[in-house]
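Structure at a glance
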2 protein chains.
Amino acid sequence: MQSFELLSQKFALHFDKRHFPEEPSSLYDPNEYFLKLGGKRIRPVLCLMGNELFDEIKKDAWHVGTAIELFHNFTLIHDDIMDKAPLRRGMETVHTKYGESTALLAGDVMLVTAYEELNKISIEYLQSILHLFNKTAKEVCEGQQMDMDFETRELVSLEEYLKMIELKTSVALAASLQTGAILGGAGERNQHLLYGFGKKLGIAFQVQDDYLDAFGDPEKFGKQVGGDILANKKTFLLLHALETAPEVRQKELKLILAGNSSDKIGKVLQIFRDCKADKWALQLKDKYLDEAFSHLEDIAVLSKRKQPLKELAHFLVKREH
Amino acid sequence: MQSFELLSQKFALHFDKRHFPEEPSSLYDPNEYFLKLGGKRIRPVLCLMGNELFDEIKKDAWHVGTAIELFHNFTLIHDDIMDKAPLRRGMETVHTKYGESTALLAGDVMLVTAYEELNKISIEYLQSILHLFNKTAKEVCEGQQMDMDFETRELVSLEEYLKMIELKTSVALAASLQTGAILGGAGERNQHLLYGFGKKLGIAFQVQDDYLDAFGDPEKFGKQVGGDILANKKTFLLLHALETAPEVRQKELKLILAGNSSDKIGKVLQIFRDCKADKWALQLKDKYLDEAFSHLEDIAVLSKRKQPLKELAHFLVKREH
């Protein structure tokens, strides 16, 4: 059983090569540039770990991992266009550097290349992996569309936000694990338990991300604390406050959000604290983390095989108490 | 053996259904809207005809045809964004009606849905069809990128233009036929001959399209004659004139193109005629048509099976003399 760190290093070595033809360079250089910006490569490593939970890592898992990472980068290139994001990992986004049309097309060909990579796996797994891949790809697109829809909507329920997070973020983590499980020869029940583990872990991670943006230690967080508040982003905290705070405070919150007060962050945080959104978020995170671990627990393999996934989950989502 | 017309009607009936889930409607309604705009559905019918050239039409051919048509519509939605085209088939393009971000994402999910449809075919053909589909999809993206690159380049050789046309247009026709041939059980040699037929036919069609834009009968052409000239579009005619006209006339041509004379079309057409670009184009079209028919001739099946493809070729590319 190999740790997430070790498998990350191995995957980085495997993935660090040219993925596209030389010509036309105007199409393929942008993709090579973007892949070189790096990334944590979490999803492909989840595929490797999902495989190793049940059996030694198969050659096919490297192809599927590569396809998953290419797919993830395709979504990033297109999301950056939609979000009009100038920077990604501190460097110019593809559309900023090469123009929107080229970024659109470069993303398209990145997706096709992901499918080309998938088609290298042995025929025995092709249909089931392709099916899971397509289902997940559609869900990720649906999540992105919901996220865009929410930006211009005044009212979004917590339930809707949770659904969006599941689609946009969690299912890709869950499916990465499941592809590995399929290649490792897991039965359907074990596959679905592992999928459930990934999905709940993804939600716990997003709750934590929303929490840290508001209440994180600025020194450890790495991003500006309160960034979501300044951007009026809908988060678990904000939606909870809008659903549970007394009516007067809800109105106050809406006024603060609509304005540009110099202490916008401080004022919103005070309301969050007053309606105990901070504590609620930590509990919500633990709830999803507990559910994730419960799924992992139920998977019918020796406990020691689960150790790397347990460590990864604790690393990604730290308990605060 | 069924004619193109008959198979078109059958495919239209088969394809005329909902292809996407109901929700989120903000993502899927745009795709349903776009598919309802219609189209000639040439590519999927080529798949059916490629199949029937060798054997009776298999159930899989309807899935592959559907995937090909979804792929084609994905390229149209994204091309329209890149070209900033307000209209398609006389109706609003997806990005005009629903915004660029949604059009981008709707195109993405259309492509994924094409792969989902492909995954319905029997496992015995999946790898080879998927491989051809991916190769072709990459080439179509490359062709679109070259087309965009050419817009801002002053010098484009005929050879480069031909390569671009092959990638952007011809290979999709060729590959549609070949997928059908694969499903019909054709051997490699017959498959490649049919691919060659489609590729040459595609080029002949584009030469004719360029010719008709300049010299077509306005009543029959259906579009404004001279539209390519007004848009300074690089065409077979223009590139031939720029390569073969005497130097003085080449300079004159460049000046006319750079300007906005009220008789821009007439002046350019005169230069085309003077350097016999019109006759050259008709000969070029016939050359590719002859090559296409020669490939079809060489395919080892009874001549009567080839009749519908011959008729289609004559219908698409009419001889002028």
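Residues numbered from 1 in each chain as written. Chains lettered and ligands numbered in written order. Predicted model: local features only at pLDDT ≥ 70, side-chain atom pairs only at ≥ 80, totals over all residues. Heavy atoms only, no water.

Some remarks on the relation of the copies chain B and chain A
Once turned by 180° and shifted 0.0 Å along the axis, chain B lies on chain A with an RMSD of 0.0 Å. Here the transformation between the copies is reduced to the relation of a two-fold axis. Of the interface residues in chain B, 100% have counterparts in chain A that sit at the interface too, so the contact is made through matching surfaces. (Least-squares fit on C-alpha atoms with pLDDT ≥ 70 in both. Contact = heavy atoms within 4.5 Å.)

Here's the deal with unusual backbone geometry
All names here are of chain A. Cis geometry is found at the peptide bond from Glu-23 to Pro-24, where omega equals -5°. Positionally, Pro-24 belongs in the loop between α1 (4-15) and α2 (25-36). Of note in this structure, Arg-89 is not a glycine but carries a positive phi near 50°. With relative accessibility at 38%, the residue Arg-89 sits in the partly exposed group. Located in the positive-phi region is Asn-232, a residue other than glycine, with phi close to 55°. For Asn-232, the position within the fold is in the loop between α11 (227-230) and α12 (236-244). Overall, Asn-232 belongs to the partly exposed group, its relative accessible area being 35%. (Helix = DSSP H or I, 4+ residues; strand = E, 2+ residues; numbered from the N terminus. Buried < 20%, exposed > 50% of the residue type's maximum accessible area, 1.4 Å probe, protein only.)

What about the domain arrangement of chain A?
All names here are of chain A. When the domains of chain A are assigned, the result is domain 1 (1-140) and domain 2 (187-321). Each of domain 1 and domain 2 has a C-alpha centre, and these two points are 26 Å apart. Contact residues are listed per partner, giving 14 residues for domain 1 and twelve residues for domain 2. Between domain 1 and domain 2, a total of about 1100 Å² is buried, with carbon and sulfur atoms accounting for 79% of that surface. (Domains from an automatic or database assignment. Buried area = accessible area lost by both parts, 1.4 Å probe.)

What to know about the interface of chain B and chain A
Interfaces are often described in size by the accessible area the parts lose on coming together. Contacts between the two partners involve 39 residues from chain B and, on the opposite side, 39 residues from chain A. Where chain B abuts chain A, roughly 3600 Å² becomes buried across the two surfaces, and 66% of that area is made up of carbon and sulfur atoms. Area buried by chain B at its contact with chain A is led by Leu-105, Gln-127 and Lys-138 of chain B, which between them contribute 17% of it. On the surface where chain B and chain A come into contact, there are two salt bridges. (Salt bridge = Lys/Arg side-chain N within 4 Å of Asp/Glu carboxyl O.)

Some words on the side chain of Arg-43 of chain B
Residue and element names in this part refer to chain B. In this structure, Arg-43 sits in helix α3 (residues 42-52). As a buried residue without a salt bridge, Arg-43 has its nearest oppositely charged side chain in Glu-69, at a separation of 5.5 Å. Residue contacts for Arg-43: discarding those within four places in its chain leaves Ile-68, His-72, Ala-172, Leu-173 and Ser-176. (Lys, Arg positive; Asp, Glu negative; His and termini not counted.)

Some details on the nonpolar core
Phe-236 and Phe-272 of chain A together with Phe-236 and Phe-272 of chain B are the most contacted members of the largest nonpolar core, which totals 233 residues. Contacts of Phe-236 of chain A, omitting those with residues within four sequence positions, involve Leu-158, Tyr-161, Leu-162, Ile-165, Ile-203, Gln-206, Val-207, Asp-210, Trp-280 and Leu-284 of chain A. (Core = buried A, V, L, I, M, F, W, Y, C linked by side-chain atoms within 4.5 Å.)

Thoughts on the side chain of Asp-80 of chain B
Residues and elements named next belong to chain B. Here Asp-80 lies in helix α4 (residues 59-83). Under the relative-accessibility criterion, Asp-80 is labelled buried at 3%. Discounting residues that sit within four places of it in the chain, Asp-80 has contacts with Phe-34, Ala-85, Arg-88, Thr-93 and His-95.

Comments concerning the environment of Lys-264 of chain A
Residue and element names in this part refer to chain A. Position of Lys-264 among the secondary structure elements: in helix α14 (residues 264-274). On the basis of relative accessible area, Lys-264 is assigned to the buried category, the value being 3%. With residues near it in sequence (within four places) discarded, Lys-264 still touches Ile-229, Leu-230, Asn-232, Ile-256, Leu-257 and Gly-259. A polar atom in the side chain of Lys-264 sits 3.0 Å from the side chain of Asn-232. (Polar contact = N/O pair within 3.5 Å; in protein donor to acceptor, adjacent residues only side chain to side chain.)

Section: the packing of aromatic side chains
All chains considered together, the criterion is met by 21 aromatic pairs over all chains. Measuring from centroid to centroid gives 4.8 Å for Tyr-161 of chain B and Phe-236 of chain B, while their planes differ by 85°, and the two rings are edge-to-face. Here Tyr-161 of chain B, found in helix α8 (residues 158-183), pairs with Phe-236 of chain B, found in helix α12 (residues 236-244); they are 75 residues apart in sequence, far enough to count as distant. Neither Tyr-161 of chain B nor Phe-236 of chain B differs from the other in exposure class; each is buried. One aromatic cluster is present, formed by Phe-71, Phe-74, Tyr-115 and Phe-133 of chain A together with Phe-71, Phe-74, Tyr-115 and Phe-133 of chain B through successive ring pairs. Above the plane of the ring of Tyr-288 of chain A lies Lys-287 of chain A, whose end atom (NZ or CZ) is 4.2 Å from the centre. In this structure, Lys-318 of chain B is placed above the aromatic ring of Phe-315 of chain B, and the distance from its NZ or CZ to the ring centre is 5.0 Å. (Phe/Tyr/Trp six-rings, centres within 6.5 Å; stacked < 30°, edge-to-face > 60°. Lys NZ or Arg CZ within 6 Å of the ring centre and 35° of its normal.)

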